[in-house]
Amino acid sequence: MALQCGIVGLPNVGKSTLFNCLSNAKAQAANFPFCTIEPNVGVITVPDERLTKLSELVNPQRVQPTTVEIVDIAGLVKGASKGEGLGNKFLANIRETDAILHVLRCFDDENVTHVDGSVNPVRDKEIIDYELQLKDLETVDARIQKVQKQAQTGGDKVAKMTYDILIKYKEALEQGKSARTVTFDSKDEQKVARELFLLTSKPVMYVCNVDESSAVNGNKYVEMVREATKDEDAEILVLAVKTESDIAELETYEDRQMFLEEVGLEESGVSRLIRSAYALLNLETYFTAGVQEVRAWTYEKGWKAPQCAGVIHTDFEKGFIRAEVIKYEDFISYGSEAAVKEAGKLSVEGKEYIVQDGDIMHFRFNV
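Definitions and cut-offs
Each residue is numbered by its place in its chain's sequence as written, counting from 1. Whole-chain, interface and lining totals are the exception, using all residues; otherwise, since this is a predicted model, local features are given only for residues with pLDDT of at least 70 and side-chain atom pairs are given and counted only at 80 or more. Excluded from the side-chain calculation are hydrogens and water; included are all heavy atoms of the structure. In this text, helices come from DSSP runs of H or I with a minimum length of four residues, and strands from runs of E with a minimum of two, each type numbered from the N-terminal end. Buried, partly exposed and exposed residues are distinguished by accessible area as a fraction of the type maximum, computed with a 1.4 Å probe on protein chains only: under 20%, between the cut-offs, and over 50%, respectively. Here, residues are in contact when the closest pair of their heavy atoms is within 4.5 Å. Between N or O atoms, a polar contact is any pair within 3.5 Å; within protein, one atom must be a potential hydrogen donor and the other a potential acceptor, and residues adjacent in sequence are included only when both atoms are from side chains. Put simply, a salt bridge is a Lys or Arg side-chain nitrogen that is within 4 Å of an Asp or Glu carboxyl oxygen. pLDDT runs from 0 to 100 and stands for how confident the predictor is about each residue. Think of a nonpolar core as a cluster: buried Ala, Val, Leu, Ile, Met, Phe, Trp, Tyr and Cys residues, connected wherever their side-chain atoms sit within 4.5 Å. To obtain each axis, a line is fitted to C-alpha atoms, and for helices this fit is confined to the stretch in contact; angles are then taken between N-to-C directions over 0 to 180 degrees. For a crossing to be left-handed, the near helix must be turned anticlockwise from the far one by less than a right angle; the clockwise case is right-handed.

Draft legend 1. Focus on the overall build of the protein chain. Helices and strands together make up the secondary structure of the protein chain, namely 14 helices and twelve strands. Evaluated residue by residue, the protein chain yields a buried proportion of 48% over its 367 residues. Look at the contacts in the protein chain between residues 6 or more apart in sequence, and 70% of them connect residues 24 or more apart.

And the structure:
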């Protein structure tokens, strides 16, 4: 399931350094704009303590975690919507992603130049918002011209719905609001809205890049971001990217944990970011557990058992008969599949079962 989070931001806010922390890929991290010209893609392992605990009980031959794709996209500047800087490339790259990790500079450092000469994360956020909103408005206006006549005279219900949705988006964008602030009640409307692929409709998480001393409690810049985004449906994550980079270079787990303790953190910000990115994409995890392999599988929240079976193999979905389900807590509590069955805690579910995060699944199928 190749869903992607794109890392975006102005030049020199720490995007590529963050990307390097997240993956073994080595995007060039330099103190000048546009050092990332082609998008770098990293396939990142999602940390999950449940997988570790299951493996300790089952003792399998191999363990396979789930992953998420992170894309490092070139820095944006004012005028990107009109093609300034690497604007067209930036906008094309971001359109291909499913969610946005928006990195904001929330630290002072005279040795790291700022493209606008001073540190102001709210201004930086608004620059990117504005450019994306302008591009979306351009897209919306073009679509309105295409469907307006059909919607008003043709009696086409889908065209009428599309037109009404476009008008709502146009009103919001002209007020300087992102498309994600517009909500729709019906599933049909939501489907049409998604298929417009607007840049500002994508879910977003603001990553406040702070100095080491602000890694735990944040700082004045983080508070500015919180205030500016309080009406948005967006998450904020505080991360000391330079510190995370230093931690990532340590060779042993013990050294990394010692470093974290010195900073005052229980776990790395990178781990928190990866899990948050996974959730931002509306993804959850189910497990399969056997002596050959304990494995985490990715599915979209709300999927039913046959769809989740299809993640393993399309034949599993086509020939789905039933799913045998053990709750993660029950497996850990009883210690083995046999003990769970003996306690009567294994359930047999049909095609309408909505899979829950952490379920341990065994699919029965016939093709």
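Following the structure, the description resumes.
Draft legend 2. Region of interest: the side chain of Thr-97. Mapped onto the secondary structure, Thr-97 falls in the loop between α3 (87-95) and β5 (99-105). The class of Thr-97 is buried, set by a relative accessible area of 2%. A polar contact is formed between the side chain of Thr-97 and the backbone oxygen of Ile-94, at a distance of 2.8 Å. If we skip the residues at most four places from it in the chain, Thr-97 touches Gln-4, Gly-6, Val-71, Ile-73 and Lys-202.

Draft legend 3. Seen up close, the pattern of salt bridges. Going through the model one piece at a time under the given rule, you end up with 19 salt bridges. Between Asp-48 and Arg-50 there is a salt bridge, and its shortest N-O distance comes to 2.9 Å. Overlapping salt bridges bring together Asp-48, Arg-50 and Asp-357 as one network.

Draft legend 4. Representation of the confidence of the model for the protein chain. When pLDDT is averaged along the protein chain, the result is 85, and 89% of the positions lie at 70 or above. Every residue in residues 25-37 scores below 50 in pLDDT, and together they form 34 contacts with partners more than four places removed in sequence or on other chains.

Draft legend 5. The nonpolar core, seen in detail. Counting 57 residues, the largest nonpolar core has Leu-18, Leu-22, Ile-70, Leu-101 and Leu-273 as the members making the most contacts within it. Among the elements that take part in this core, helix α10 (residues 269-280) stands out by supplying six residues, more than any other. With residues up to four places along the chain from it excluded, the contact list for Ile-70 reads Cys-5, Ile-7, Phe-19, Leu-22, Asn-40, Val-41, Gly-42, Ile-44, Leu-101 and Ala-277. Ala-151, Tyr-169, Phe-184 and Leu-198 belong to the second largest nonpolar core, which has 19 residues in total.

Draft legend 6. Here's a closer look at the packing of helix α1 (residues 15-22) against helix α8 (residues 241-248). One can describe the packing of α1 onto α8 by two numbers: an axis separation of 9 Å at closest approach and a directional angle of 30°. Where α1 crosses over α8, the handedness of that crossing is left-handed. Note on element contacts: α8 touches α1 through Val-241, Glu-244 and Ser-245, opposite Thr-17, Leu-18 and Cys-21.

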